[in-house]
Amino acid sequence: MSLRLLFLGLGLVGLAACSGSLPRLKSPPPQPSQNLASTVVQSFAQLNADSYPELRSPPAHGVTVDSLRKRHDTFRYTESRVLWGEKAEFSVLQFSDTDRPTRAVSPVSAWFLGPDPGDGAPEVVGAVLFRDFAGAPTAADPYQLLGQVAEQFPAPWLICRPAALGSADLLLAYDEARGLKLALHRSGAGEQLWSVDHVEYISTLLPIEVWWMEKGYETCPIEDRVL
């Protein structure tokens, strides 16, 4: 099973748009709203375990792109449909803050898409990932790091190391029941501190073992538990 197969055919049939007899006026640009969640986060402090309740408790047909757009300020950012992964297997909606860069590396978010379901059904989102944010906490070891982020991302966690990567500098802290993953990375220079490399929210419709295979990890043997 794969993300492409798992979400194949998911989604509701789209409603047909009706056209009237009057000429259609150009819609005004969307206005900022305090009710919209930020599509791209500038700082790690903007994230928490409850940021994507849609993916934690998704409807049976999956979380659609349109439903996420309604809750997020996607119009503020540069949007690209790109392929991610070493083999370019993931179709991703990538959002970046290129219009108002404040740092050398702009923060990015990515919506991992299922396949085109066809027949007018909307696309679905399998996972949402954030990276290159500022303010990622650091610690001397991964357990101290999880303690530092516990207010935003409380336990429980399973700790595993992706088998295919063969790196002692990357650990994953994840909780399948909540659809959460923190990628913990140790720098190779200076004090070699651990930090949060990226945060990922994964649809609980997707078995985590399938997602590891899709991400190229092969397996991710559990090394420890944090309760």
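Here is a short report on the structure shown in this document.

Conventions adopted
- Residues numbered from 1 in each chain as written.
- Predicted model: local features only at pLDDT ≥ 70, side-chain atom pairs only at ≥ 80, totals over all residues.
- Heavy atoms only, no water.
- Helix = DSSP H or I, 4+ residues; strand = E, 2+ residues; numbered from the N terminus.
- Buried < 20%, exposed > 50% of the residue type's maximum accessible area, 1.4 Å probe, protein only.
- Polar contact = N/O pair within 3.5 Å; in protein donor to acceptor, adjacent residues only side chain to side chain.
- Contact = heavy atoms within 4.5 Å.
- Salt bridge = Lys/Arg side-chain N within 4 Å of Asp/Glu carboxyl O.
- Pairing = 2+ DSSP bridges.
- Phe/Tyr/Trp six-rings, centres within 6.5 Å; stacked < 30°, edge-to-face > 60°.
- Lys NZ or Arg CZ within 6 Å of the ring centre and 35° of its normal.
- Disulfide = S-S within 2.5 Å.
- 1 Å grid on protein atoms, 1.4 Å probe; cavity = no way out; pocket = protein on both sides within 12 Å on 5 of 7 lines; lining within 4 Å.
- Points joined across faces, edges and corners; volume = space filled by probe spheres on them.
- Nonpolar A, V, L, I, M, F, W, Y, C, P; charged D, E, K, R; others polar.

A few points about the side chain of R178
Examined against the element boundaries, R178 turns out to sit in the loop between β8 (170–175) and β9 (180–186). Residue classification places R178 among the buried residues on the basis of a relative accessible area of 14%. A polar side-chain atom of R178 sits 2.5 Å from a polar atom in the side chain of D175. Excluding anything up to four places from it in sequence, R178 contacts A49, R56, P154, A155, P156, W157 and T204.

So, the pattern of salt bridges
Going through the model one piece at a time under the given rule, you end up with eleven salt bridges. A salt bridge links R131 to D132; the shortest N-O distance between them is 3.6 Å. A relative accessible area of 31% means that D132 is categorised as partly exposed. With a shortest N-O distance of 2.9 Å, E223 and R161 are connected by a salt bridge. With E223 in strand β11 (residues 222–226) and R161 in the loop between β7 (157–160) and β8, the pair connects residues that are 62 residues apart, well separated along the chain. Residue E223 is classed as partly exposed on the basis of its relative accessible area of 45%. Residues joined by salt bridges that share partners form a network here, namely K181, E200 and K215.

Concerning the pairing of β8
Most of β8 sits out of view: six of its six residues are buried. With burial as the criterion, each face of β8 is covered, one bearing L170, L172 and Y174 and the other bearing L171, A173 and D175. Two strands pair when backbone bridges link them, and β7 and β8 are joined in this way by three bridges, in the antiparallel orientation. Residue pairing in the sheet places C160 in a bridge with L172 of β8. Of the pairings in the sheet, the one linking β8 to β9 comprises six bridges and is antiparallel in character. When the bridges of β9 are listed, A173 appears paired with L182. Following β8, the chain reverses through four residues before pairing antiparallel with β9; G179 in that reversal takes a positive phi of roughly 65 degrees.

Notes on the packing of aromatic side chains
One pass over the full model with this rule turns up twelve aromatic pairs. Between F44 and F133, the aromatic rings sit 5.6 Å apart at their centres with planes inclined by 50 degrees, giving tilted as the arrangement. With F44 in the loop between α1 (3–6) and α2 (53–56) and F133 in the loop between β5 (124–131) and β6 (138–139), the pair connects residues that are 89 residues apart, well separated along the chain. Comparing F44 with F133 shows no difference in burial state: the two are buried. Put simply, the rings of W84, F90, F112 and W211 touch in pairs and so form one group of aromatic residues. The lysine or arginine in question, R71, covers the ring of Y52, its NZ or CZ lying 5.8 Å from the ring centre. Positioned above the aromatic ring of W157, the side-chain terminus of R178 is 4.8 Å from the ring centre.

Remarks on the state of the cysteines
Applying the stated criterion to the full structure yields one disulfide. With a sulfur-sulfur separation of 1.9 Å, C160 is cross-linked through a disulfide to C220. Taking the sign of the torsion about the S-S bond as the criterion, the disulfide between C160 and C220, at about 90 degrees, is right-handed. Within this pair, whereas C160 is found in strand β7, its partner C220 is found in the loop between α5 (208–214) and β11, the two being separated by 60 residues in sequence.

Notes on empty space enclosed by the protein
Rolling a probe over the atoms, with the probe sized like a water molecule, indicates the empty space that remains. Within this structure, the stated rule accounts for two cavities of 30 Å³ or more. As a volume, the largest cavity reaches approximately 50 Å³. Going through the elements one at a time, α2 and β10 (194–202) are the ones with two or more residues in the lining of the largest cavity. At three residues, α2 tops the list of elements feeding residues into the lining of the largest cavity. Along the lines of polarity and charge, the residues of the lining of the largest cavity split into seven nonpolar, two polar and three charged.

Limitation: the analysis is restricted to geometry and does not speak to function.
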